[in-house]
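Coordinate analysis (summary)
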Amino acid sequence: MGYTEFDDDLPARIKEQADIVQVIGAHVDLKKAGTRFLGCCPFHNEKTPSFSVHPGQQFFHCFGCGASGDVFAFQMKYHHLDFPTAMKDLARRYHVEIPERPMSPEQQEKNRRRKLMYAVNEKVVSIWKDCLHNNGLAKTARQYLEKRGIPLNIQKQFGLGYAPAPESGGWDFLGSRLKGEEHQIAIDLGLLVKKEKGGTYDRFRDRVLFPIYDRQGKVLGFGGRIIGEGQPKYMNSPESIIFNKSASLLGLYQQGDAIRRSKQVILVEGNFDLVSLVVHGCSNVVAPLGTALTVQQLQLLKGYAEECVLLFDGDVAGVKAAMRSVPLFLAEEFAGKVALLPEGHDPDTFIREKGLAKLEDLLAAAMPLPEFTLQQLVEEHGLTFDGKNRIMKELQPLLKAAKTSLQRSLMLSHFSETVGVSADDLGAAMVVPKPSAPVAISPPLSHEKEQKHEQLTPLTASQKRIVSHIVLYPDAVPKLEHAGLRAYLSGTIGEVLLLQLGALLRNSDEVTPEDLLDTLPRGGERLFVSDILLSSSVDNTGLSYQGTDGEIKDLLAKLEREDLIQKSKVLEQEIFRCKSENDYEGQCKYALEKVKVSQELQNLRKKNVVFE
């Protein structure tokens, strides 16, 4: 009997067993900070940790890029899985039994056909690979690949095969090798075409075949490049229940790890452009399947890279293709650049003639897509009165695609300099929907059980005073953060609250203590902030502040003092090291520096800066 549809309570039971800190900690170096754990975000490049994992509420959030969710969301995003697969993996890891419900007959049949489609595709890969490498019918195809400089190891890496020409292999070379129901499945997949008078013939003939894989390595369909004369030059499998061209990318399965390591993906237009770049050492590359870039493809790439460079021909078609993609990148908040090849070159000819170093120089000089678009519009229309009007009109789709008000403001400011119109006037001239307000951070699943309050990492009296101040007066955060507040609060609940306030301030000009409270989940941090808000109005607590300049001055002086104390400790260690190594010159150098630091500390004390 077939099964499907997990029990409704299964996700909750898996989350109860799965340790989100353990799951994420296998890939991210996490350190405890208050009730949470902090580390560097695995989804964008950062040197200072802003990725927060909350074990009590079982969710993660990055204060830098905004990635957030529960343990399932992390598994899906990090490992590029769908939800059922992520759930099965965690259930297996934490020994949670998965009771499933019986499928309906229709569901069973659909599931059976999907499995058969994958199986037939795999068999076809083997048939065409065997033909390419072992059959005399593929002599011209092997010569073609040799001429294009595609060695055997790369042919095998991409699973290349060959469908022979009908004059040598017949019109049913593939069809004759499929048996029983495989024949009908191949028709459904578009590998075979029905004749009007009965029978079938092969769709792909005299073509080098590229299997198209999903992220798990299942074969979805094929792309074929003709060897002899004929059209079209490239042809893909028709879409089926397992294959969607707009949501697939050639090379992502093979090159995904290289893309993730480099955090950059290069997108080329042709199958052989992709393979040729890989042959010559450029491994972080993919290609769409003969279609314009789509939102689904960008969403796939966002899971692997922080930046996408479009490596396009420098002709009119290449320029237009790059400009059309800009709204997609903006809407997805994905950094996009474009590098145009010299006239007469495509990626394949360029890297074969110029080499990898020249290609890397070209990619390093890639221009951000919005700037590239503006430059092209200026070249096309000029900066006359009429030209500026046309440019402003063509910039509207870009501004409408902006995902955030900050993104739109930056674009207006940048574009206004070139167009010669103030950012305010340029914005007023363009009707753009107001971006939606940022969503408060909260646990991703509504059925979370009430958690026990976690034991907080203790704060010193001085730390608590500063944390209380930033909770009550969030506007003070930028000054204090610049003065080194995060280092002073490192590893405490205060560091997490500072990050949370910073995220709020980036999305709003005015943040209140209540805004902070609203974004915190149930648990120790929320109680801590609630206590500060309740205590702030009580005179005998010692926590009554007015947010005056004098208070800020005292806090800044405190941070300066802490910084000097830390410097003094480091210098003491260096003096000791030099002494043990008989390095008299180094010992004198660090001793003089310590004297200066001690003098600065003494000067601070003379100012009567006291709060411990």
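Conventions and cut-offs
Residues numbered from 1 in each chain as written. Predicted model: local features only at pLDDT ≥ 70, side-chain atom pairs only at ≥ 80, totals over all residues. Heavy atoms only, no water. Axes fitted to C-alpha atoms, helices over the stretch in contact; angles between N-to-C directions. Helix = DSSP H or I, 4+ residues; strand = E, 2+ residues; numbered from the N terminus. Parallel < 35°, antiparallel > 145°, perpendicular 65-115°, else oblique. Contact = heavy atoms within 4.5 Å. Nonpolar A, V, L, I, M, F, W, Y, C, P; charged D, E, K, R; others polar. Salt bridge = Lys/Arg side-chain N within 4 Å of Asp/Glu carboxyl O. Buried < 20%, exposed > 50% of the residue type's maximum accessible area, 1.4 Å probe, protein only. Pairing = 2+ DSSP bridges.

**Considerations on the packing of helix α14 (residues 347-354) against helix α15 (residues 356-364)**
Relative to each other, α14 and α15 sit at 125°, their axes nearing to 7 Å. Accordingly, the angle class assigned to the pair α14 and α15 is oblique. Of the residues in α15, those touching α14 at Phe-350, Ile-351 and Lys-354 are Leu-356, Lys-358, Leu-359 and Leu-362. Of the residues in the contact of α14 with α15, the class split is five nonpolar, no polar and two charged.

**Here's the deal with the pattern of salt bridges**
Using the criterion set out here, one finds 16 salt bridges in the structure. A salt bridge links Asp-348 to Arg-352, with the shortest nitrogen-to-oxygen separation between them at 3.5 Å. With a gap of four residues between them, Asp-348 and Arg-352 both fall in helix α14, about one helical turn apart. Glu-581 is paired through a salt bridge with Arg-577; the nearest N and O atoms lie 3.0 Å apart. Classification of Arg-577 as partly exposed rests on a relative accessible area of 31%. Residues joined in a network through salt bridges with shared partners are Glu-109, Arg-112 and Glu-181.

**Remarks on the environment of Thr-460**
Position of Thr-460 among the secondary structure elements: in the loop between α19 (423-428) and α20 (461-472). Spatially, the C-alpha atom of Thr-460 lies 9.8 Å from that of Leu-489, the residues being 29 residues apart in sequence.

**Here we look at the sheet that holds strand β12 (residues 219-226)**
Strand order across the open sheet formed by four strands is β8-β11-β12-β13, with antiparallel pairing between neighbours. Each having just a single partner strand, β8 (161-163) and β13 (234-236) make up the two edges of the open sheet. Between one strand and the next, the sheet's axes are offset by a mean angle of 30°, whatever the strand orientation. Pairing of β8 with strand β11 (residues 207-213), which is carried by three bridges, proceeds in the antiparallel orientation. Counted as the bridge partner of Ala-163 is Arg-207 from β11. Sheet strands touched by helix α5 (residues 105-134): β8, β11 and β12. Its angle to β12, the strand with the most contacts, is close to 35°.

**Things to note about the environment of Glu-371**
Following the sequence through the fold, Glu-371 ends up in helix α16 (residues 369-381). Judged by relative accessible area, Glu-371 falls into the partly exposed class, the value being 35%. Considered as a pair, Glu-371 and His-414 are 43 residues apart in the sequence and their alpha carbons are 8.6 Å apart.

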